[in-house]
Amino acid sequence: MTDHAPAPSAPTDNLAAAFQIEGWPVRGRLVRLGEAIDTILSAHAYPEPVAALLGEACALAALVGSSLKFEGRLIVQAQGDGPVRYVVADYDTEGLLRGYCRYDEAEVAAASSGFSRPGARTLLGQGVFVMTLDRGPDFERTQGITPIEGESLSLAAEHYFEQSEQIPTKVRLAVGAVTTDAGTQWRAGGALIQLIAGDDARGSTEEAWDRTRALFHTLADDELIDPTITPETLLFRLFHEDGVRLEDARPLKAQCRCSADRIETVLASFSAEERADMVEPDGKIHVTCEYCARVYALDPEAVEA
């Protein structure tokens, strides 16, 4: 008999993990989302292109946020003058995800009339891509902003890293509805590779980067979201000739940060007259969280107190 409980096994789905190619000056990360992204996307009746855009934003937030070395949040946001006014994904370093899109339904329908799914640039139009680091109330938020470049959110992210971080980066994001014996469910996946700069000891890293990018380019969208392909199998398909290992796999979960207390605090910032106008026929103030769509029915007297 042992005095220690067995260590929990690493997650195989709804996870973010680092990966290392043996001996290569490249670092990578992988995200697989099943139930977590299905919960987020199913909270609203998003048109398919909007759901896909939000799924990509959530996968990207988990890809980048899971590499943070401090407790806090990473917020990925893109906004513009297109059919989708803005998309935002919020990653908490405890592995909690939430996200939301605001859009014009008629404009999205018009943009979706072609044969292919409209991408980020078509949906968002002219605008900006933003990453915000929030380390809590004791620290100032730090923010990087770049123009939306390219048709996909992955290209916008690559441009962000090139401009704001000066780190050569390649990103792949995929979102789709997958049908299994359990029914149809939204799934999302993402992968990221970044070059580690050369130095006197390492020498030039450009050749290794070219080779890594060539292999990374073969990664297909359906591989990223296929629930029957494990993360280890996916990486082995890409980099088996050189050896690759998955490290530090962390579970991901959809969880909104809304609560009755938070909403009461917001309502208390309005005047008594404004709150009186919010009261509905049942005598309650009804507030719907725009992230998770949960409806709160609050007693005006409790807010006043």
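Residues numbered from 1 in each chain as written. Predicted model: local features only at pLDDT ≥ 70, side-chain atom pairs only at ≥ 80, totals over all residues. Heavy atoms only, no water.

A. Focus on the nonpolar core. Counting 66 residues, the largest nonpolar core has L33, L60, F129 and M131 as the members making the most contacts within it. Looking at which element gives the most residues to this core, the answer is helix α2 (residues 48-65), with 13 residues. Here L60 is in contact with V76, F129, M131, A157, V171 and L173, once residues within four sequence places are set aside. Counting residues in each nonpolar core, the second largest holds 20 residues, with I21, W24, A191 and F216 among its members. (Core = buried A, V, L, I, M, F, W, Y, C linked by side-chain atoms within 4.5 Å. Buried < 20%, exposed > 50% of the residue type's maximum accessible area, 1.4 Å probe, protein only. Helix = DSSP H or I, 4+ residues; strand = E, 2+ residues; numbered from the N terminus. Contact = heavy atoms within 4.5 Å.)

B. Representation of the sheet that holds strand β3 (residues 73-80). With mixed pairing, the six strands of this open sheet are ordered in space as β7-β6-β3-β4-β5-β11. If you trace the sheet from one side to the other, it starts and ends with β7 (142-147) and β11 (253-254), each paired once. Where β3 meets strand β6 (residues 127-134), eight bridges bridge the pair, whose relative direction is antiparallel. Counted as the bridge partner of A78 is F129 from β6. Against the sheet, α2 makes contact with β3, β4 (84-92), β5 (96-103) and β6, and its axis sits at roughly 35 degrees relative to β4, the strand it touches most. Helix α5 (residues 153-165) rests against β3, β6 and β7 of the sheet, and its axis sits at about 115 degrees to β7. (Pairing = 2+ DSSP bridges. Axes fitted to C-alpha atoms, helices over the stretch in contact; angles between N-to-C directions.)

C. Examining the packing of aromatic side chains more closely. Evaluated as defined, the whole model comprises seven aromatic pairs. An angle of 70 degrees between the planes, with centres 6.4 Å apart, marks the rings of W24 and F239 as edge-to-face. On the criterion of sequence distance, the pair formed by W24 in the loop between β1 (15-21) and β2 (26-33) and F239 in helix α8 (residues 231-239) is long-range, its members being 215 residues apart. W24 gets classed as buried once you look at its relative accessible area, which sits at 11%. Looking at F239, the relative accessible area reads 1%, which means it is buried. Taking the centre distance of 5.6 Å and the plane angle of 85 degrees together, the rings of Y160 and F161 count as edge-to-face. Each member of the pair Y160 and F161 is classed as buried. Stacked on the ring of Y291, the Lys or Arg R98 has its end atom at 3.8 Å from the ring centre. (Phe/Tyr/Trp six-rings, centres within 6.5 Å; stacked < 30°, edge-to-face > 60°. Lys NZ or Arg CZ within 6 Å of the ring centre and 35° of its normal.)

D. Region of the structure containing the side chain of S154. Looking at the element boundaries, S154 is found in helix α5. A polar atom in the side chain of S154 sits 2.9 Å from the side chain of S152. When residues no more than four places from it in sequence are discounted, the contact partners of S154 are V171 and L173. (Polar contact = N/O pair within 3.5 Å; in protein donor to acceptor, adjacent residues only side chain to side chain.)

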